[in-house]
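# Architecture at a glance
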Amino acid sequence: MAGNIIDRLLYEDADSALDLAPNEEILYVIGRHWIVLLSRLIVPLLGICFFGGIALYRAVGGGFLVFNTGEPTGFDLFNIVLVLIEAVLLLFWVALWVRGGKDPNPKRVLFTANVAVLALIWFRYNGGRIFYIDPGRFFGQAFDPLNLLFIGLATISLFSIFFVVYDWLNDELILTNRRVVYDNDQVFIPRLLEQRVQQQIFIDEIQDVAAATKTYLQHWLKYGTIEVKSARIGGNIVFHSARDAKEMQRRIMVQVNENRRKRGEQDMASLVESRVYNELPQRTKRSLPMTTPRWRWLGWLLPPNPEVQPEKETIIWRKHWLFLLQGLFPPLAMLFTGWIIVVLVGSLGLLSSLWLTVLIIAILIAFLAWSVWEVEDYRNDMYILTPTNVIDIEKKPFGPEDRRAASLGAVTNVSFETTFISNLLGYGDVVVETAGSGGKFTFTHVPNPRDVVTKINDYYVMFKRADKERSLTDMLELLRHYHLAQQRHNELLLANGTTLRLSEQSTETTEEQKSP
């Protein structure tokens, strides 16, 4: 029953974490094993027991290290135990002192422990008690500042259990019919402040999947480490303490083999129809995001983000509009400071009206020039996705430009990262890793980073399909040239494996035409 509930919660979180492409569906989801949850719950449970126990103990009149309790003095059972502990500690200290050694720290620790135990024996021998309950002596402790502190710490430990469980449920490995995604969500405030990092490998890029149980406990409890390996260096996905690691391994490999078989059959059938029988397949159009701006009256200042060029099937992203405001803050601060200076100078009569007007005009011109510079700098930094390339442009206003481009075929991984604050405000960083010397393309501070990853994935898949179609077209072209070469050499291969000369084929055709 509990397992079904956990599976349902994992699927719901996976569905909310991914923006699925058309015809993409979630096939299987696994999370961390429950042993991981137990290990993470140890600290908050100990906090509840410790702080809550102290608060309850003090509430019923308990005290610590209490003198003059009226209890019998001398050697009771507890003091006898302390004497035995002191004897053992003293024996160890003497042994270390006799043996010597370069490191004095162990001897110091044992000496301090001996002194502490001796002090405790003396304290209890004279009637003192470490723990002592007396409601009359310790009246009113239930809600004093110290107990309120302990109650607060116990409450925090209790609430942290909820966050630990929620965070445990938000670490998952997701299998779809197009990719494998590792979703790591670190939670501060659920659904509000979360730091999310996603890694993914396309099904077509998977080379191998390994599942390992390295200890007897992992073998008995059926959990372990799963590693999804790809062709790129450092692009593997490793998911530790995975529940049902072997089942996920089996399902991924089934999907890899199924995708390869289906893509091979579909590509060959489509190419034969289009290249041999001239039945052109329907062209699949890329899904483009909506381009309606939020504030139409600010269209001259804030272009649509993303900006879509449908005729070229190109998408352009810029940084989140908050970073335009960040750039405009210094000129606004300058304008405010200049206005204060003008008011002070005017009130003191230090400048004439003419010079005050000149000063105001100068401040306004400086503000407008600085603002235009910041706006242009914001508009010129673009992240472009075309049907064949990803492009990163950093351009200074009216000046130099740094343009980087990489083919979609070189893309090896696409992931996004958000912090607590950026997740709240709706922006993040998208990291596009490429093979070769291109390195990483980081789309910094783009709005809705999850949508950006989805679009890059869509374009990547379509590019890879087109690239495969080009390879198959070359193969068909080779077969066509081979067939033409057979005709030139008057050789054709029949179904029964015999070779038919072109002249014989013409004779047989003539005889068939003469026969009734």
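Because the structure is a prediction, the values reported are computed rather than measured. (Residues numbered from 1 in each chain as written. Predicted model: local features only at pLDDT ≥ 70, side-chain atom pairs only at ≥ 80, totals over all residues. Heavy atoms only, no water.)

## With respect to the pattern of salt bridges
- If you walk through the whole model with that rule in mind, you get 11 salt bridges.
- Here D171 makes a salt bridge to R32, at a shortest N to O gap of 4.0 Å. Within this pair, whereas D171 is found in strand β4 (residues 171-176), its partner R32 is found in the loop between β1 (26-31) and α2 (34-59), the two being separated by 139 residues in sequence. Take D171 and R32: they sit in the same class, and that class is buried.
- Note that R40 and D167 form a salt bridge whose closest N and O atoms lie 3.6 Å from each other. Placement of R40 in helix α2 and of D167 in helix α5 (residues 145-169) is noted, with a sequence separation of 127 residues between them.
- Residue classification places R40 among the partly exposed positions, given a relative accessible area of 29%.
- Each of R32, R40, D167 and D171 takes part in one network of salt bridges that share partners. (Salt bridge = Lys/Arg side-chain N within 4 Å of Asp/Glu carboxyl O. Helix = DSSP H or I, 4+ residues; strand = E, 2+ residues; numbered from the N terminus. Buried < 20%, exposed > 50% of the residue type's maximum accessible area, 1.4 Å probe, protein only.)

## Thoughts on the side chain of Q141
- Take Q141: it is sitting in the loop between β3 (129-133) and α5.
- There is a polar contact of 2.9 Å between the side chain of Q141 and the backbone oxygen of R58. (Polar contact = N/O pair within 3.5 Å; in protein donor to acceptor, adjacent residues only side chain to side chain.)

## Let's talk about the sheet that holds strand β10 (residues 307-309)
- If you walk across this open sheet you meet the five strands as β10-β11-β12-β13-β14, and the pairing is antiparallel. The open sheet has two edge strands, β10 and β14 (401-407), and neither has a second partner. On average, adjacent strands in this sheet sit at an angle of 15° to one another, irrespective of strand direction. (Pairing = 2+ DSSP bridges. Axes fitted to C-alpha atoms, helices over the stretch in contact; angles between N-to-C directions.)

## Quick look at the nonpolar core
- Counting residues in each nonpolar core, the largest one holds 23 residues, and the members touching the most others are V430, F443 and I456.
- Secondary structure elements with two or more residues in this core: β11 (314-317), β12 (382-385), β15 (411-417), β16 (427-434), β17 (440-447) and α11 (449-488).
- Sorting elements by how many residues they give to this core places α11 first, with seven residues.
- If you look at the next biggest cluster of nonpolar residues, it comprises 19 residues, including I30, Y182, I203 and I226. (Core = buried A, V, L, I, M, F, W, Y, C linked by side-chain atoms within 4.5 Å.)

## Examining the sheet that holds strand β7 (residues 206-212)
- The strand order across the open sheet built from three strands is β7-β8-β9, with neighbouring strands paired in antiparallel fashion. The outermost strands of the open sheet, each flanked by one partner alone, are β7 and β9 (237-243). Within the sheet, the average angular offset between the axes of one strand and its neighbour, ignoring direction, is 20°.

## Brief notes about the pairing of β1
- In terms of burial, β1 is largely enclosed, as five of its six residues are buried.
- Both β1 and β4 contribute to a ladder of five bridges, which runs antiparallel. In the strand pairing of β4, V29 is matched with I174.

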